[in-house]
Amino acid sequence: MSSDSIKIHVLKKEIFDNSVAKFVAGCSEQCLAENDLFYIAVSGGSMPNVLANGLRLFDVEWTKWRILFADERVVPFNDVESTFKSYKELLIGKQPLTDANFITIDPSLPVTCCAEDYAKKIRELFPGHVIPKFDLILLGMGPDGHTASLFPDHPLLQETSRLVAAISDSPKPPPCRVTLTLPVINAAKNVAFICTGANKADVVKRVVERRDRVLLPAAMVKPTDGSLNWFLDEAAAGSLEVVC
């Protein structure tokens, strides 16, 4: 698949979670056939439920997973806004996972220090790499076209030197977050968007077709040497004219 090609999966609601999970499990199996660990970055929103519901049906080597976050809210882990909290409640104790499988931020730090600390943790996982190469990064997308915590017209879209960036003025609360930057996302072996709902249909069309003069953040996700997949329910795909 070339860097500009996109594979789109339009799925009925009743098979959506299982189809996403099958793709994720396949990426894990392919990676672990050649490597000791599977490095995956996940996002929040509805994604924790999609993965928890779907992956329970697949035999994956959970103990070899290292789960990071494409972005995270800088809030305590017991806060309802914590993405880690969502995954912990849905997976730990239900799958052979412990806190050690998750590479988390330190929410006690100021947001800039938190981003620097998370970047340090990532570098330690990928020694010798200027830019880490995740096996899979799973992204969502907001109705405004943002992905991870990369928002339209925000200066972080131009970031090229940092692995993880801090944002203290997020248009979507809470305001303080850390996010993987576009160079890291685009270096991944596999990137997949998971989007549902009719409220995403128009922006899905804009992002997939990339006809805007100024691209939305999600449209700036273009893996340099990896695959790009979109998993859409029928409502989110409703404005697409051609599905490939």
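Residues numbered from 1 in each chain as written. Predicted model: local features only at pLDDT ≥ 70, side-chain atom pairs only at ≥ 80, totals over all residues. Heavy atoms only, no water.

Q: Would you mind showing me how to read the nonpolar core here?
A: Nonpolar side chains in soluble globular proteins tend to end up buried together. With 86 residues, the main nonpolar core has V24, F134, L138, L180 and W230 as its most contacted residues. Here this core takes nine residues from helix α1 (residues 16-32), the largest share from any one element. Excluding its chain neighbours within four sequence positions, the residues that come into contact with W230 are I6, K7, I8, H9, M141, F193, C195, V204, V207 and V208. (Core = buried A, V, L, I, M, F, W, Y, C linked by side-chain atoms within 4.5 Å. Buried < 20%, exposed > 50% of the residue type's maximum accessible area, 1.4 Å probe, protein only. Helix = DSSP H or I, 4+ residues; strand = E, 2+ residues; numbered from the N terminus. Contact = heavy atoms within 4.5 Å.)

Q: Looking at this structure, I do not really get the packing of α1 against helix α2 (residues 47-55). What am I missing?
A: In a packed pair of helices, the relevant descriptors are the angle between the two axes and the axis-to-axis distance. Interaxial distance between α1 and α2 falls to 8 Å at its minimum, and their mutual angle equals 80°. What the angle tells us is that α1 and α2 run roughly perpendicular. Residues F16, D17, N18, V20, A21, V24 and A25 of α1 touch α2, and the partners they reach there are N49, V50, L51, N53, G54 and L55. Of the residues in the contact of α1 with α2, the class split is eight nonpolar, four polar and one charged. (Axes fitted to C-alpha atoms, helices over the stretch in contact; angles between N-to-C directions. Parallel < 35°, antiparallel > 145°, perpendicular 65-115°, else oblique. Nonpolar A, V, L, I, M, F, W, Y, C, P; charged D, E, K, R; others polar.)

Q: Looking at this model, I keep getting lost on the pairing of strand β7 (residues 177-180). Mind explaining?
A: Sheet faces and side chains relate simply in a regular strand, where the side chains alternate between the two faces. Residues R177 and T179 point to one face of β7 and V178 and L180 to the other, with burial holding for every one of them. Looking at chain direction, strand β4 (residues 71-73) and β7 are connected through three bridges and run antiparallel. Of the residues in β7, the one forming a bridge with E72 is V178. (Pairing = 2+ DSSP bridges.)

Q: Where do I start with the packing of α2 against helix α3 (residues 83-91) in this structure?
A: Where α2 meets α3, the closest approach of the two axes is 9 Å, and the angle between their N-to-C directions is 20°. It follows from the interaxial angle that α2 and α3 lie roughly parallel. Our pair here, α2 against α3, has a crossing hand that is right-handed. Residue-level inspection shows M47, P48, N49, L51 and A52 of α2 in contact with α3, the latter providing S86, Y87, L90 and L91. Looking at side-chain class alone, the contact of α2 with α3 contains seven nonpolar, two polar and no charged residues. (Left-handed = near helix turned anticlockwise from the far one by under 90°.)

Q: Please clarify how the side chain of T83 should be interpreted in this entry.
A: With respect to the helices, strands and loops of the structure, T83 is situated in helix α3. Take T83: its relative accessible area is 5%, and that puts it in the buried class. Discounting chain neighbours no more than four positions away, the residues touching T83 are S43, G44, F69, D71, E72 and R73.

Q: Even after reading the chapter, I still don't get the environment of D71, so can you show me in this structure?
A: Looking at the secondary structure, you find D71 in strand β4. We classify D71 as buried; its relative accessible area is 8%. As for D71 and T179, which are separated by 108 residues in sequence, their C-alpha atoms are 4.1 Å apart. Here the side chain of D71 touches S149 through a polar contact of 2.7 Å, side chain to side chain. (Polar contact = N/O pair within 3.5 Å; in protein donor to acceptor, adjacent residues only side chain to side chain.)

Q: Explain the pattern of salt bridges here, please?
A: Oppositely charged side chains can form a pair if their charged atoms are brought close together. Tallied over the full model, the rule gives 12 salt bridges. E61 serves as the salt-bridge partner of K64, at 3.1 Å between the closest nitrogen and oxygen. The partly exposed category is assigned to K64, whose relative accessible area is 31%. In this structure, E209 and R211 form a salt bridge, with 3.5 Å as the shortest nitrogen-oxygen distance. On the basis of relative accessible area, E209 is assigned to the partly exposed category, the value being 26%. (Salt bridge = Lys/Arg side-chain N within 4 Å of Asp/Glu carboxyl O.)

Q: Please clarify how the packing of aromatic side chains should be interpreted in this entry.
A: Each aromatic ring pair is summarised here by two numbers: the centre-to-centre distance and the angle between the ring planes. If you walk through the whole model with that rule in mind, you get 11 aromatic pairs. Seen from their ring centres, W62 and W65 are 4.7 Å apart, and the 45° between their planes marks the pair as tilted. Residue W65 is classed as buried on the basis of its relative accessible area, which comes to 3%. For the pair F84 and F102, a centre-to-centre distance of 5.3 Å together with 65° between the ring planes defines the contact as edge-to-face. (Phe/Tyr/Trp six-rings, centres within 6.5 Å; stacked < 30°, edge-to-face > 60°.)

Q: Honestly, α1 in this entry has me stumped. Any pointers?
A: An α-helix turns once per 3.6 residues; consequently, residues spaced three or four apart project the same way. Compared with the 24 Å implied by 1.5 Å per residue over 17 residues, the 25 Å span of α1 between its first and last C-alpha is a close match. Where α1 is concerned, the buried positions are F16, V20, A21, F23, V24, A25, C27, S28, C31 and L32. (Expected span 1.5 Å × (residues − 1).)

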